Amino acid sequence: MDIAPDKQNIDRVFSNTTYHIDFYQRDYKWTDEPVRRLIDDIFYAFEETYKEHVVLDPGPEIIVAKYPWYYLNTYVPNTIDGRVYVVDGQQRLTTLTLILIKLHHMAVSFQSDLADWIKGKIAGQDGFKKRFWMNHERHLEALKALFEDKDQIPTDSGLTAVNMLDNYNIIADALDERLTDKHKLETFVFYFLHRLVLINLSVEQTDVPMVFEVINDRGVRLRPYEILKGKLLGQIEKIELDAQDFNGLWERCVRSVNRFKPDEIDTFFTYFLKAKFADTRKLAQRFDNEYHREMFKKDMNDALGLDHDAVRVKKFLSEDFRYYTSLYAKIWNYAGVRKPAQEHVYFNRLNEMDSQFLLILSACTVDDPEEEEKIRLVSYHLDRLFTLLRLQRAYDSNEFNDAVYEISKSLRGENASAIPVAFDQQLLKLLSLRRGLPVSDPFEYAQFKNTSVTDVPTRFTRYFFARVDDFMAREMKVGPKHTIDELVTKTGSKGGFHIEHIISNNAANLALYDNNAERFEVDRNRLGGVLLLKGKDNISSNNEAYPQKLKSYAGTLYWNETLRDDTYKSKLDFKTMMTGHKLKFEACGSFGPAEVEKRQKLLFDMISIVWAPAS
């Protein structure tokens, strides 16, 4: 490896070299904290000396003789076909450019003869063209507007432009505060250009990926996907990289995923690798942190072939990476907004079932013709698996997560028709494990009979009743009283939704249970004995006798209203739903043990419809 260190001051760094932003480099991501720290560091060294020599005229001889040099760190370029690319140091070099732009504006304002000198450190003639020395090609409009001191700075080119504007404003405020007269400004300009030093570590192209990763390990850490980008794209020849726009492909795919959450692409890679190469939860753990290193270990390289194989890298980028990031973004879109054809992706998001990402990636192959059907089946059966386990008090998080990887393994390379089978096998397996005996029926009343709000999390209880009400609204051909999202996620004391016990905790109701306090509590907590009410409705009816409670249920959720007589009057669609599904709804003028049991059985019948097996 050939590294050539060269000590350079800012005057020399920005003199006649155009720095292009290499594909290794992330966006300009420095925010206020590192920018303010850099300014403080520079001025700390300057201010102490300036106080001692404030009477001296600014000039290069005075600065060199009286002011100590200050080390700013290294930057790493490499030269290919006459172009200089920044491998490491873009953040610092860009920030220094923004400082120079502000110094230029101040020099113009103070009518300093140094204005043209500073201007030449920002941009200059490069052959036939005038270029910014820090050549952010995709963000030149923002850089140009800052340089020309325009009122409006365009930032629609991306994050780099946004951060350049934000950081320029921070720099401008700091320099306006510290450089209050022409003498101090001009002294600082000489100090800045002559006494601030960077070490240029120029490297050969073949060493760039390795140097880039070493620098990352020892300095400000990059995200794993940023390192992976360098390790993959660094294997492709520059000419081919540009001609086939692999860098553009990478950036488009990353942006399509990161728009959902910052750095979500790292989560994508974790799910992708687990989906395709982890048969158990234990084996999947290797990808939880430094997946970008795991991808190049021998066993993974045997499967992926991405180490020192540009042909395989190009195939991976143009096929696997392109397709699966698109699929991943599609899952995110379906999870965010309910769409009738893929509504269970949305439902799973409400239950925080992120394992649907892994399972859908497992099920689909590149450009899968069954993609939509596989998404539908995986998301439906995942919701069904989770719900039926919860409702039968058979859910164990460790067992469930182990089952997810069993399903994942069985779905790889299979047709959509294999999906229901894989889920049903795991459902029966988990139920059998919980009960300690073979189970052939995925949903039994004996296992649901005593399920109560103490057996399932509150969020799931809200989700369960939200789905029940959604089913009723659909069957009655009416709009829902509230969206499922509202019913599940809104929890505030005024507008949120809460669990209401139909049977109030008082002596009269306790007598219905022969004053057996334990039996009373168990029964009133059963799902058939509770409702989902909005905050103010819940508070107002909490301790009332049942006849008064019944009045407050009017105008609430459909399931709640079925306790009232008026629900059954002249409502043909409701009666059609009852007869069509053989659901034994009936009003309850009073409410005790018998009514709780009837409502529990009614819920069981509705669950059997809503979460029925699907092919």
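Right above here is the structure, for reference.
These numbers come from a predicted model, not from an experiment.

Peer 1: Lay out the nonpolar core with the relevant residues and their values.
Peer 2: In this structure, L317, M472 and F585 are the most contacted members of the largest nonpolar core, which totals 126 residues. Ignoring any residue separated from it by four or fewer positions in sequence, one finds F585 in contact with M472, W559, T562, Y568, F574, M577, M578, L602 and M606. The next biggest cluster of nonpolar side chains, apart from the first, holds 61 residues, and it includes L146, A161, L175 and L198.

Peer 1: Explain the side chain of T461 to me, and be specific about the residues and the numbers.
Peer 2: Here T461 is to be found in helix α24 (residues 458–475). A relative accessible area of 1% means that T461 is categorised as buried. Sequence-distant contacts of T461, that is, excluding residues within four places in its chain, are made with V453, V456, I499 and L527.

Peer 1: Summarise the pattern of salt bridges; cite the residues concerned and give the values.
Peer 2: Applying the stated criterion across every chain yields a total of 48 salt bridges. With a closest N to O distance of 2.6 Å, D299 and R286 form a salt bridge. With D299 in helix α16 (residues 298–304) and R286 in the loop between α14 (281–284) and α15 (291–294), this residue pair connects regions lying 13 residues apart in the sequence. Overlapping salt bridges bring together K29, R223, E226, D263 and D266 as one network.

Peer 1: Which residues make up helix α21 (residues 397–411), and what values go with them?
Peer 2: Given a rise of 1.5 Å per residue, 15 residues ought to cover 21 Å, and the 21 Å separating the end C-alpha atoms of α21 matches this to within 8%. By the burial criterion, the buried members of α21 are E399, F400, A403, V404, Y405, I407, S408 and L411. The elements touched by buried residues of α21 are α13 (264–277), α14, α19 (355–363), α20 (371–391) and α22 (418–435). Sitting at the amino-terminal end of α21 is D396, which places a side-chain oxygen 3.2 Å from the backbone nitrogen of N398. Within two residues after α21, G413 carries a phi angle of roughly 75°, on the positive side.

Definitions and limits used
Residue indices begin from 1 for each chain and proceed along its sequence in written order. Reporting of local features is limited, given that this is a predicted model, to residues whose pLDDT is at least 70; pairs of side-chain atoms are given and counted only at 80 or more, and all residues count toward the totals for whole chains, interfaces and linings. To get the side-chain values, all heavy atoms of the structure are used, and hydrogens and water are removed first. Take the buried residues of types Ala, Val, Leu, Ile, Met, Phe, Trp, Tyr and Cys, join any two whose side-chain atoms come within 4.5 Å, and each joined set is a nonpolar core. Using a 1.4 Å probe on the protein chains alone, a residue whose accessible area is under 20% of its type maximum counts as buried, one over 50% counts as exposed, and one in between counts as partly exposed. By the convention used here, residues are in contact when the closest approach between their heavy atoms is within 4.5 Å. Numbering of helices and strands runs from the N terminus; a helix is a DSSP stretch of H or I covering at least four residues, while a strand is a stretch of E covering at least two. The salt bridge criterion pairs a side-chain nitrogen of Lys or Arg with a carboxyl oxygen of Asp or Glu, the two atoms within 4 Å. A helix is expected to span 1.5 Å multiplied by its residue count minus one. Any pair of nitrogen or oxygen atoms within 3.5 Å is treated as a polar contact; in protein, a donor-acceptor pairing is required on top of that, and neighbouring residues in sequence qualify only through side-chain atoms on both sides.

On their own, these measurements won't tell you what the molecule is for.
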